[in-house]
Amino acid sequence: MIIPCAKNDVGYSSGSHHFLLLIILSFFSITVFAQQKVTGKVMSGDTAIAGATVTVKGTTIATVTDDNGSFSINAPTNATLVISYIGYANQEVKATNQNIGTIQLQHTTSQLGEVVVVGYGTQRKATLTGSVATVSGKEISKSPSPNVTSSMAGKLAGLTVNQRSGEPGRDDPSILIRGTGTFGDASPLIIIDGVERSLLSRLNPEDIESVSVLKDASAAIYGARAANGVILITTKKGVKGRTSFNFAYNYALQSPTKTPDMLDAATFAGVYNEGDFYRQGRPANYTPFYSDSAIQKFRNGADPVLYPNTNWVKAVLKPHSGEQRASLQASGGSDNVRYLFSFESINQDGNYRNTPTKYRQYNVRVKVDADVTKSLTVGANVYAILGNKTYPSVATNVNFINILQANPTIVSVYPNGLIGPGRLGENPLLLDQRGYDKIEDNPIYSTFTATYKVPFVQGLRVDASYNYDLSNQFEKLWSTPYYFYEYNVNTSQYDKKQGTGTSIASLTDTYRKWTTSLYNVRITYDKSFNNHHITALLGNEQQKNTYKFASAYRKNFVSTSIPEINVGSSSPADKDNSGSASFGAYNNYFGRLNYDYLSKYLLEFVFRYDGSQIFPKGKRYGFFPGISGGWRISEEKFMKDLTFIDQLKLRASYGELGNDRVGPYQYLQSYSFGNNYVFGTSDAPAIYPNTMPNPNITWEVSKKTDVGLEASLWKGLLGMELTLWKENRSNILAQPNLSVSNVFGFSGLPSENIGEVDNHGYELVLSHRNKAGKLTYDITGNVSYAKSKIIFMDEAPQPEPYQNLTGHPVGSALYYKADGIFHTQAELDKYPHGAGAQVGDIRVLDLNGDGVIDSKDQFRFDYSSTPQVTFGLNTNFQYKRFDLNIFFQGQTKAYNYDNTTAVLGGTDFANAVTWRAADRWTVDNPGGSKPRADAWSPGATTFFLFDATFVRLKTLELGYSLPVNVGKTKVFDNVRFYVSGFNLLTWSKEIKWSDPEISGDFTTYPPLRIINFGANVKF
């Protein structure tokens, strides 16, 4: 109801309406006129910060800085602007002027501002949506190991690095990312400065800026080669400033981490007698092979000629060998030109006595970047890794068998210095007489780049690069006759005898050449629109690889003084040659699109349209997409009161990636020469088909899903990153065993893309950084878990269901399940056993209950020498001028089957580890926990399948930096002395006699322990 008001009644008259309107207009006029356009620039030192958020305090008015760090915002006079950027402390400034000039932001203690290298670019860690693990080159260089890859073990979550050997120049570890998800090659793609390259292990660690490991959909930008993960290595570059020099010198003593304790002569003789006794059926009137008198002479050492007690490990292996490393790096630049030059030399000796083993390496790098104009920058990065390796002409595993399993009752060196025969006439002390295997590697890698910032389109950049890599290798394998001495009991003289190796000199010269030619062009657009930020990348890349080799062989040389091919016999029976060549090519298009809103809501899409010559025409290209998203929960308003949270981010990703690491040209029919025909009296050459071709061969497809949570709390006091992941790998090449019948006329059926494997796991990283007085420290730990499961492989059904490989992890092997020892004849008679079993042998479970021990009683064991769990703990301490780094690394859920440990008292007179002989079953020790000498076994049993869990003090470095001033004059920028170690201590759960990281038999060159002394001078 409307009630009219009288003129003099209380109410709004027309005059009062006008008065109210005037007040409102006046208020808005004052507000409008109080607003001003404020400009400024955000920097950190000399670096402009793009993407920093500028907010009017107490309001929702905000903007972000552009590529030059500049911003413009409407703000009331004297308003307070809050400038924030991840990884930096917030800065508040008064908007007293329209131009407030440059605002400097300071780093916080957290790593949120860290820049992470990803495929074809970089991203800020805080806004990264993929699962990418990183480590700096500074951390890697703390290790005194000459092998860069071995120094990465345990430092990156999801990366499994196992160094199985320590032989100089041949000590490259195996590398896996998130375990094994295929039947074939599971090694990752390695990209060094933007190009797929080898010799990661041989890089100069002082040259490395960072290492990134792409583990999820973020690797999809590398397409058909990314399913096993990608490792990105970025090297350092010169920076503006005066030329600075960094010189480092290291001298190290290296020795095996663990050499097995083998039986002495007396124990060996006794054990051999036991085995001989059992082999003869345990006769009542047994005559031992070694008499009690002989065993006593072995023990007391009274006659070292006829009754020696040889410790072959001490006789052949040196207590330690030397390693020297020296490096010099110079870098600097002007406003327009920046440069870096580096050089490193490595001299590493082997651990044998009387061996030709030597490893020499020289690294040279030249890197120059020049600003031709304000918009155009060009660069060149050229480096060489020159290696000279010399080894014995005898294979390494044979040498260690001849050391570790040599009979201790045989002389190594007679008292008069003459060298004895050794095991089977192959005394390792004669290696320097048997020739050598020399390998010269001379790879040169080159990258030429150009970057053009389009001046008329802000944020648009064009990058181009051309890369050419050339690697030449020459190998000379020279085998010569050798001689040892043997004491003649009839003449009391030392007879010179020829060794059992080659009786004539022979030489094989092999030349190998690899080339890689690659170019790519990339267009990048990076732009901020108010609160929105996008980055778009589109590129094309083409690559061509070639390989060729030629080999020549001669024997029957006139003289062993001239190891050259032309000096050998020219008889057709004394010479041979061979050669081959191959090539491959890739053509692809790739891209990435990133979007974020206020650095809070994050989205990324990557792709690669990849083409490979490995596959048939019409099936060479594939599309590999990846998508990921992130939510920085910590940036939400409802989180602002939780001031202890620096960063809280939830991320997820999904991608489809490929693996093309298969034999090339399987779609073509291949032929071999042979099966010649005779027509009359003539022998006509013939060819015959090999494996049937597969016209449908294609790449494996990996579907990866990740979910992650990242947090930084209390200004870096606690950091956490948890990732849950799973992978489905399909189209795996596998041999059809069940679904396809045999085809006549071909030597075999081709592998087909029929296999499927599931893989899953988690990764957890925890970190803590703090400062207590003058002590600064940080602690970072990581643990990773990965387990696979074979879904399909067209497996022919095994006799028993528990023997099928399908449903078990990749690498699961068949074993008989051991259940102790037959201690008495009654136990042996009571339980099923093999025909050759005796009291003292391993009792094997009758799994199928048929009363017979045979192959049907084997079962699949779900672990292998590849660990399912790896972990690392890194600590850094700084107190005044002292610094200390301690790094632990380890693994669990790994098992190693070592058949050599089963050897004891056999007919081949092979020595055994003391662990095997200790508490063995004997007639006098019927309660022994280990099998008898020369024990019978139906095959591989779990008795000699050992838990390979270990924790290792991987590296330790203690340094002290000297004062650099003399009076008021600064002589050096820094002078630091340090002592460091590598593989210092190992705690092993079960494997005590050898290094637990060795895979298979212990008769191999073990990993090395390194004690290093070094100095570093910067000036």
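Residues numbered from 1 in each chain as written. Predicted model: local features only at pLDDT ≥ 70, side-chain atom pairs only at ≥ 80, totals over all residues. Heavy atoms only, no water.

(A) Region of the structure containing the overall build of the protein chain. Along the backbone of the protein chain there are eight helices and 53 strands. Projected onto the principal axes, the alpha-carbon positions of the protein chain cover approximately 145 × 75 × 75 Å. Taking contacts inside the protein chain between residues at least 6 apart in sequence as the whole, the part at least 24 apart equals 70%. For the protein chain, the accessible surface area stands at approximately 46400 Å², while carbon and sulfur atoms represent 57% of it. Between the averaged position of the 97 positive side-chain charges in the protein chain and that of its 90 negative side-chain charges there is a distance of 8 Å. (Helix = DSSP H or I, 4+ residues; strand = E, 2+ residues; numbered from the N terminus. Contact = heavy atoms within 4.5 Å. Areas by Shrake-Rupley, 256 points an atom, 1.4 Å probe, with all protein chains shown as cover. Lys, Arg positive; Asp, Glu negative; His and termini not counted. Charge placed at Lys NZ, Arg CZ, Asp CG, Glu CD.)

(B) Looking closely at the packing of aromatic side chains. Throughout the structure, instances matching the rule amount to 46 aromatic pairs. One aromatic cluster is present, built from ring pairs that chain together Tyr-272, Phe-289, Tyr-290, Phe-298, Tyr-307 and Phe-909. Above the face of the Tyr-272 ring, Arg-279 is positioned so that its terminal group lies 5.3 Å from the ring centre. Positioned above the aromatic ring of Phe-950, the side-chain terminus of Arg-952 is 4.8 Å from the ring centre. (Phe/Tyr/Trp six-rings, centres within 6.5 Å; stacked < 30°, edge-to-face > 60°. Lys NZ or Arg CZ within 6 Å of the ring centre and 35° of its normal.)

(C) Up close: the sheet that holds strand β7 (residues 91–94). Taking strand neighbours across the sheet as the criterion, the four strands line up as β4-β3-β6-β7 in an open arrangement whose pairing is antiparallel. Edge positions in the sheet fall to β4 (62–64) and β7, since each has one partner strand and no second. This sheet shows a mean twist of 20 degrees between the axes of neighbouring strands, independent of strand direction. Bridge count for strand β3 (residues 53–56) against strand β6 (residues 80–84) is four bridges, and the pairing is antiparallel. Bridging from a neighbouring strand, Val-56 pairs with Leu-81 of β6. (Pairing = 2+ DSSP bridges. Axes fitted to C-alpha atoms, helices over the stretch in contact; angles between N-to-C directions.)

(D) Region of interest: the domain arrangement of the protein chain. Each assigned domain of the protein chain is listed with its residue range as follows: domain 1 (35–104) and domain 2 (255–316). For domain 1 and domain 2, the distance between their C-alpha centres works out to 83 Å. (Domains from an automatic or database assignment.)

(E) Up close: the environment of Asn-974. Within the secondary structure layout, Asn-974 lies in strand β52 (residues 974–988). Taking the C-alpha atoms as reference points, Asn-974 and Asp-303, 671 residues apart in sequence, are found 60 Å from one another. Sequence-distant contacts of Asn-974, that is, excluding residues within four places in its chain, are made with Ser-961, Val-964, Asn-1016, Val-1017 and Lys-1018.

(F) Focus on the packing of helix α3 (residues 265–279) against helix α4 (residues 292–300). It is the contact of α3 with α4, at a shortest axis distance of 7 Å, that shows an interaxial angle of 155 degrees. Classed by the angle they form, the pair α3 and α4 counts as roughly antiparallel. Across from Ala-265, Ala-266, Ala-269, Gly-270 and Asn-273 in α3, the residues of α4 making contact are Ile-295, Phe-298 and Arg-299. Residue composition of the contact of α3 with α4, by class: five nonpolar, two polar and one charged. (Parallel < 35°, antiparallel > 145°, perpendicular 65-115°, else oblique. Nonpolar A, V, L, I, M, F, W, Y, C, P; charged D, E, K, R; others polar.)

(G) Region of interest: the pairing of strand β23 (residues 435–453). Relative to β23, strand β22 (residues 376–391) runs antiparallel, the two sharing 14 bridges. Of the residues in β23, the one forming a bridge with Lys-389 is Ile-439. Hairpin connection, β23 to strand β24 (residues 460–479): the antiparallel pair is bridged by six residues, and Gly-459 has positive phi, about 90 degrees.

(H) Spotlight on α3. Here α3 is 15 residues long and its end C-alpha atoms lie 21 Å apart, about the 21 Å a rise of 1.5 Å per residue gives. The element α3 is extensively covered by neighbouring structure, given that twelve of its 15 residues are classed as buried. Of the residues making up α3, those classed as buried are Ala-265, Ala-266, Phe-268, Ala-269, Val-271, Tyr-272, Asn-273, Glu-274, Gly-275, Asp-276, Phe-277 and Tyr-278. (Expected span 1.5 Å × (residues − 1). Buried < 20%, exposed > 50% of the residue type's maximum accessible area, 1.4 Å probe, protein only.)

(I) Up close: unusual backbone geometry. Located in the positive-phi region is Asp-193, a residue other than glycine, with phi close to 50 degrees. With respect to the secondary-structure elements, Asp-193 resides in the loop between β14 (189–192) and β15 (195–196).

(J) View of helix α6 (residues 396–404). Among the residues making up α6, those that are buried are Thr-396, Asn-399, Phe-400, Asn-402, Ile-403 and Leu-404. Contacts made by the buried residues of α6 are with α5 (312–316).

(K) A look at empty space enclosed by the protein. The tally for this structure, following the rule as stated, stands at ten cavities of 30 Å³ or more. Considered as a void within the structure, the largest cavity measures approximately 70 Å³ in volume. Lining the largest cavity are 14 residues, and of these Thr-160, Ser-784, Tyr-785, Ala-786 and Gln-868 sit closest to its centre. Counting residues per element, the ones that place at least two in the lining of the largest cavity are β12 (159–162), β39 (752–772), β40 (775–792) and β45 (869–879). For the lining of the largest cavity, the per-class residue count stands at six nonpolar, six polar and two charged. (1 Å grid on protein atoms, 1.4 Å probe; cavity = no way out; pocket = protein on both sides within 12 Å on 5 of 7 lines; lining within 4 Å. Points joined across faces, edges and corners; volume = space filled by probe spheres on them.)

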